[in-house]
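Next come the chains, spelled out residue by residue.
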Amino acid sequence: MQSLFKKLITESKKLIHSDAFHQKHRLGNGFSRRSKLSFLSVMYFILAQENKAISINLSNLQNIFPLSKIPYVSKQAVSKARQKLSSTAFQELCLLFSNLYYTQRKNVSLWHGFRIYAVDGSTIQIPMSKENIEFWGSNPNQYGIEEPLASASMLYDVMEGIVVDAHIGKYRMNERESAAKHIDSFMKLKITDKSIFLFDRGYPSYELFQKLVS
């Protein structure tokens, strides 16, 4: 397991530092030479942050990784810089993790010779703003106030306890379409072992069964 984590860190660092990754996942003309926070700084900040205030997370990152030379900036500057980074960067990192995990991991846990995967979704609350309500969708709370909400979906390896694939979409996105996307990502892993997929009763459809069989 130690060699696996070492490989994950090495390959993740190599990917994050590549120019191709930078160009692919920055939004617009973000992270120009005049930016106080670089693409790498924001990536490391998001990956290392805990459930604390932005200023505390930034201070912790500067203390733990002094060689990163992340400047002292306002929390507004951090929030603005995060908006220049596409969420696809983290989806690519998730796929890299899954690929490395299954190619490097020895003796994975099985149930009667089968890998067991579960797919499910949930609704999550996102920061209140007019833009978020317009883009993600909303639903009135108990006081009748419209709150921005999003939908999250996940493909989970039950036996190994890891997230294989995940994504966030607009509120009340189609869970069957989300499941189909998870299966597409799963197929990229090229796992040849026998697998069982678990869904709750809202998922079954002719199209989903056809996709699984194919």
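Quick caveat: nothing in here was measured; it's all calculated off a predicted structure.

Draft legend 1. Representation of the packing of aromatic side chains in the model. Counted under the stated rule, the structure contains 8 aromatic pairs. Measuring from ring centre to ring centre gives 5.1 Å for Phe-186 and Phe-197, while their planes differ by 85°; the resulting arrangement is edge-to-face. Here the residue Phe-186 occupies a position in helix H8 (residues 175-188), and Phe-197 occupies one in strand E5 (residues 195-198), the gap between them amounting to 11 residues. Each member of the pair, Phe-186 as well as Phe-197, carries the same accessibility label: buried. Look at Phe-199 and Tyr-203: their rings are 5.5 Å apart centre to centre, the planes differ by 45°, and that puts the pair in the tilted class. Since its relative accessible area comes to 0%, Tyr-203 is described here as buried. The rings of Phe-97, Tyr-101 and Tyr-102 are connected pair by pair, giving a single aromatic cluster. The ring of Phe-135 has Lys-170 lying over it, and the distance from NZ or CZ to the ring centre is 4.6 Å.

Draft legend 2. Representation of unusual backbone geometry. A positive phi angle, near 50°, is found at His-112, a position not held by glycine. Among the secondary structure elements, His-112 is positioned in the loop between helix H6 (88-104) and strand E1 (115-125). With phi around 60°, Arg-172 is a residue other than glycine that occupies positive phi space. Tracing the backbone through its elements, the reader meets Arg-172 in the loop between strand E4 (162-170) and H8.

Draft legend 3. Up close: the packing of helix H3 (residues 39-48) against helix H4 (residues 54-64). Relative to each other, H3 and H4 sit at 110°, their axes nearing to 10 Å. Taken together, the axes of H3 and H4 are roughly perpendicular relative to one another. When H3 is examined against H4, the residues Tyr-44, Phe-45 and Ala-48 are found in contact with a partner set consisting of Ile-54, Asn-57, Leu-58 and Leu-61. Residues belonging to the contact of H3 with H4 are distributed by class as follows: 6 nonpolar, 1 polar and no charged.

Reading the values: rules and limits
- Residues numbered from 1 in each chain as written.
- Predicted model: local features only at pLDDT ≥ 70, side-chain atom pairs only at ≥ 80, totals over all residues.
- Heavy atoms only, no water.
- Phe/Tyr/Trp six-rings, centres within 6.5 Å; stacked < 30°, edge-to-face > 60°.
- Helix = DSSP H or I, 4+ residues; strand = E, 2+ residues; numbered from the N terminus.
- Buried < 20%, exposed > 50% of the residue type's maximum accessible area, 1.4 Å probe, protein only.
- Lys NZ or Arg CZ within 6 Å of the ring centre and 35° of its normal.
- Axes fitted to C-alpha atoms, helices over the stretch in contact; angles between N-to-C directions.
- Parallel < 35°, antiparallel > 145°, perpendicular 65-115°, else oblique.
- Contact = heavy atoms within 4.5 Å.
- Nonpolar A, V, L, I, M, F, W, Y, C, P; charged D, E, K, R; others polar.

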